[in-house]
Amino acid sequence: MPLELFHKTPAHFSFRATVYSHGWCELPPFGLDEVNWRLKYVFRDAAGKKAVFGIISEKKGGVLIELANSKIAPQHILRDTRHLLRLDDDLRGLYEAVDGHDALKWVTEKRAGRLLRSPTVWEDLVKTICTTNCSWALTKNMVGNLVEKLGAPAGKGEKAFPTPTAMASVSSDFYREEIRAGYRSPYFAELAEAVASGKLDPEGWLHSDLPTPELKTKMKRVKGVGDYAAENLLKLVGRYDGLALDSWLRSQFYKKHNAEKTCSDKKIEKHYKKFGEWRGLVIWCDMTEKWIS
DNA sequence: GCGTCCAGGTCTACC
DNA sequence: GGTAGACCTGGACGC
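Residues numbered from 1 in each chain as written. Chains lettered and ligands numbered in written order. Predicted model: local features only at pLDDT ≥ 70, side-chain atom pairs only at ≥ 80, totals over all residues. Heavy atoms only, no water.

Caption draft 1: Layout of the protein's contact with DNA strand C. Taken together, the residues surrounding DNA strand C are Asn-133, Leu-138, Asn-141, Arg-176, Arg-180, Gly-182, Tyr-183 and Arg-184. Per the 4 Å cut-off to the protein, sugar and phosphate atoms form 67% of the nearby atoms of DNA strand C. Asn-133 places a polar side-chain atom, nitrogen or oxygen, 3.1 Å from a base nitrogen of DNA strand C. In this structure, Arg-184 approaches DNA strand C through a side-chain N or O atom, which is 3.5 Å from a base oxygen. A per-class count over the surface near DNA strand C returns two nonpolar, three polar and three charged. (Near = heavy atom within 4 Å. Polar contact = N/O pair within 3.5 Å; in protein donor to acceptor, adjacent residues only side chain to side chain. Nonpolar A, V, L, I, M, F, W, Y, C, P; charged D, E, K, R; others polar.)

Caption draft 2: Structural context of the protein's contact with DNA strand B. Taken together, 19 residues form the shell around DNA strand B, and within it Asn-133, Gly-224, Gly-226, Ala-229 and Ser-247 come nearest. If you look at DNA strand B and keep only atoms within 4 Å of the protein, 64% of those are sugar or phosphate atoms. The contact in question runs from a base nitrogen of DNA strand B to an N or O atom on the side chain of Tyr-183, over 3.2 Å. One of the backbone nitrogen or oxygen atoms of Val-222 is found 3.5 Å away from a phosphate oxygen of DNA strand B. Among the elements that make up the surface near DNA strand B, the one with the highest residue count is helix α11 (residues 227–236) (three residues). Here the surface near DNA strand B is built from residues that sort into nine nonpolar, seven polar and three charged. (Helix = DSSP H or I, 4+ residues; strand = E, 2+ residues; numbered from the N terminus.)

Caption draft 3: Structural context of the pattern of salt bridges. Under the criterion given, the structure shown has 18 salt bridges. Between Asp-88 and Arg-82 there is a salt bridge; the shortest N-O distance is 3.3 Å. Between Asp-227 and Lys-220 there is a salt bridge whose closest N-O contact spans 2.8 Å. Overall, the relative accessible area of 44% leaves Asp-227 in the partly exposed class. Residues joined by salt bridges that share partners form a network here, namely Lys-216, Lys-220, Asp-227 and Glu-231. (Salt bridge = Lys/Arg side-chain N within 4 Å of Asp/Glu carboxyl O. Buried < 20%, exposed > 50% of the residue type's maximum accessible area, 1.4 Å probe, protein only.)

Caption draft 4: Structural context of unusual backbone geometry. In this structure, Pro-29 follows Pro-28 across a cis peptide bond, with omega equal to 5 degrees. Its place among the elements puts Pro-29 in the loop between α1 (15–19) and β2 (31–33). Of note, Trp-37 is a non-glycine position whose phi angle comes to about 50 degrees, a positive value. By the secondary structure assignment, Trp-37 is in the loop between β2 and β3 (38–44). With a relative accessible area of 13%, Trp-37 lands in the buried category.

Below is the structure:
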């Protein structure tokens, strides 16, 4: 039976700014209908055995979640929705940090700053590795293959993101030949085995007591995760004191703040130092202003 | 059609 | 700790 759920949203929330916050809305099992402004996602239960296709849209005072069936408990769907739209995040510190900076006034006005994420750190971790050292088209290709070939079916051709167990059930060769993951293939096989066996718990990064540098070091122990990937993941678990500089972010900075000339990372870091623990989120908002405003 | 470059980097060996 | 070279894929580009 189809099911509709409703979740309230906080005052400083923008559905559009959150969905457009970065490219995650284009990576399966997310999908974006820009005409009707509806975000699709295939939810799954913790065991990865049940999957349900859902559509999230704005409704006065909150978001509406339309589900193809009621296979998964409503409280599980609501928890996932709250997590992926960052409904519990308190961004007052960000808005205080940009206060007084005219060029960033729009961040507060547009209620920007909530970075769309997946319901699990596991999914964000795998997707982040898929963004490294390749074009965005290839990232979409790899993530699409993972969902298509290893995800639990939700009906009508829709599939969920694969569980660690599902990803641990295939070999490194599968990642190379079927997922087209190239040199990342042994990394995925090793990572999936570690998470499926309980040796690694990425979900624990969400509420870790470790200081950010130590958590970053822990993240970098995962093969395929370097400085950029770790800092991107830190943003997705709510820590914004790393800039997560990659070639795209650097090129945008050169265009916007350095007369289209290249410069050192140190200069970029100096530019955003004044925003303190929010600097990683400030640079991201600054470089993606055109997407949202 | 073919070759080259490079994109939302990381790892390893070596110094 | 810093750096060079290797690593995969596939789209864009020049010829």
